[in-house]
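Descriptive structure summary
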Amino acid sequence: MRPPSEPVVELQSEVPGDSDGATLAAVVRALRPELSWRQAKDLCSSGRVLLEGAAVRDPARRAAKGQRIELLRDPSADGAAKPILVHVDSAVAVVNKPAGVLTVPVDRSDHDTLIHRAAAAVRRWETKRGGKGSPSLRAVQRLDRETSGLLVFARTIPAERHLQDQLKARTVWRRYLALVEGHMNEATFVSHLLENRGDGLRGSWERRRGSSVTPPRDARSAITHVQVEERLPTATLVACRLETGRQHQIRIHLSEAGHPLIGETVYVRDPRRGPTCNFHASRPLLHALELGFEHPGSGETLRFAVEPPTDFQAALAELRRRT
């Protein structure tokens, strides 16, 4: 994660033509229509609105068409960010992951990961109900650091094995929302992912060698189904359903199709060119919207859904506004 002292840009755009000469508060409301006038003014006075890179605390300041405007994430919210326990019982814990948090530690210095936060939340849940269950959790799936949304942790070894078997059998329901560049069509992507496609990045074997050549043994099958949810002037809101869950699978498949995630900086041909949709995001805009699986104990089919976080919704609102 970024150091707490470094501001995080939640939304970056240009002052639109129809806001030329408008007050800064009015421009903020145009970019974030879910905000009230009071909230927009407070956002300005708190120093979280930058105009051409400089904080402007006067909500009545006039903005000009084409000026770069940035909205910063509330640092107090970052520090207080806690995973939401969407569901917890003796076998599983379903968590709504914030963006910017590792799912599990990568090295010994990683102490504020999702599994740490979720274990603390489970401990509090157990304490409130007078239970004595262990708060320890077992990771059976992972989300990228910058991806938000749903995932499940197992609380016991039998539950871990049961969930792993479901993932292997491809019976776990996983549906993501993504904002991608350009006008994308519905598609199903089937490929074999390699750790190194030839330039140090993960990628599809078929893109490098052609589908008629047998992939190497270390290539792993990856299947992504993409459905169009909403067409925008320069972007597309899509839903991605996974059959397999390879690392960076959605990001790779969408980028290889010519429609990288808005905010993508890794799987693009030339990251210096900037997004074709003329919208900058502080992270790849990908959210794990729905999760479903068979409960390891009861056998009941569970299905969960959580709305995208504020930055995703703000980006979508701005792209819609440009219609």
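Residues numbered from 1 in each chain as written. Predicted model: local features only at pLDDT ≥ 70, side-chain atom pairs only at ≥ 80, totals over all residues. Heavy atoms only, no water.

For the rest of this paragraph, the subject is the nonpolar core. Formed by 33 residues in total, the largest nonpolar core has its most connected members in Val28, Val49, Ile69 and Leu179. Going through the elements one at a time, helix H1 (24–31), helix H2 (37–45), strand S2 (49–51), strand S4 (68–72), strand S9 (173–181), strand S13 (235–242) and helix H8 (310–321) are the ones with two or more residues in this core. Not counting residues up to four positions away in its chain, the partners in contact with Val28 are Leu35, Ala40, Leu43, Cys44, Val49 and Leu71. By size, the runner-up hydrophobic cluster in this structure holds 29 residues, among which are Ile115, Met184, Leu242 and Leu261. (Core = buried A, V, L, I, M, F, W, Y, C linked by side-chain atoms within 4.5 Å. Buried < 20%, exposed > 50% of the residue type's maximum accessible area, 1.4 Å probe, protein only. Helix = DSSP H or I, 4+ residues; strand = E, 2+ residues; numbered from the N terminus. Contact = heavy atoms within 4.5 Å.)

We now examine the pattern of salt bridges. Per the counting criterion, the structure on display carries 17 salt bridges. Between Asp18 and Arg321 there is a salt bridge, with its nearest N and O atoms 3.4 Å apart. Taken together, the residues span a long stretch of sequence, with Asp18 in the loop between strand S1 (9–14) and H1 and Arg321 in helix H8 at a distance of 303 residues. When its relative accessible area of 25% is taken as the criterion, Arg321 is described as partly exposed. (Salt bridge = Lys/Arg side-chain N within 4 Å of Asp/Glu carboxyl O.)

Time to look at H2. Looking at H2, one finds that the buried residues are Ala40, Leu43 and Cys44. Here the buried residues of H2 occupy an arc of 100° about the axis, which is enough to place them on one side. Looking at the buried positions of H2, the neighbouring elements they touch are H1, S2 and S4. At the C-terminal side of H2, Gly47 shows a positive phi close to 85°. (Arc of directions from axis to C-beta.)

What characterises a pair of aromatic rings is the spacing of the ring centres plus the angle enclosed by the ring planes. Evaluation of the coordinates by the stated rule reveals one aromatic pair. Ring geometry for Phe293 against Phe304: centres 6.2 Å apart, planes inclined by 35°, an arrangement best described as tilted. Residue Phe293 is found in strand S14 (residues 286–294), and its partner Phe304 is found in strand S15 (residues 301–305); the two are separated by 11 residues along the sequence. Residue class for Phe293 comes out buried when judged on its relative accessible area of 2%. (Phe/Tyr/Trp six-rings, centres within 6.5 Å; stacked < 30°, edge-to-face > 60°.)

What follows covers the sheet that holds S2. As summarised here, the arrangement of the four strands in space is S1-S4-S2-S3, forming an open sheet in which the pairing is antiparallel. Edge strands, defined here as strands with exactly one partner in the open sheet, are S1 and strand S3 (54–55). Sheet topology places S2 next to S3; two bridges connect them, and they run antiparallel. Each bridged residue has a counterpart across the sheet, and for Leu51 the counterpart in S3 is Ala54. (Pairing = 2+ DSSP bridges.)

To continue, consider unusual backbone geometry. Positive phi values are uncommon outside glycine, yet Glu52 reaches one of about 55°. Structurally, the position occupied by Glu52 is in the loop between S2 and S3. Backbone geometry places His248, a non-glycine residue, at a positive phi of 65°. With respect to the helices, strands and loops of the structure, His248 is situated in the loop between S13 and helix H7 (249–256).

Nothing here speaks to function; it is geometry throughout.
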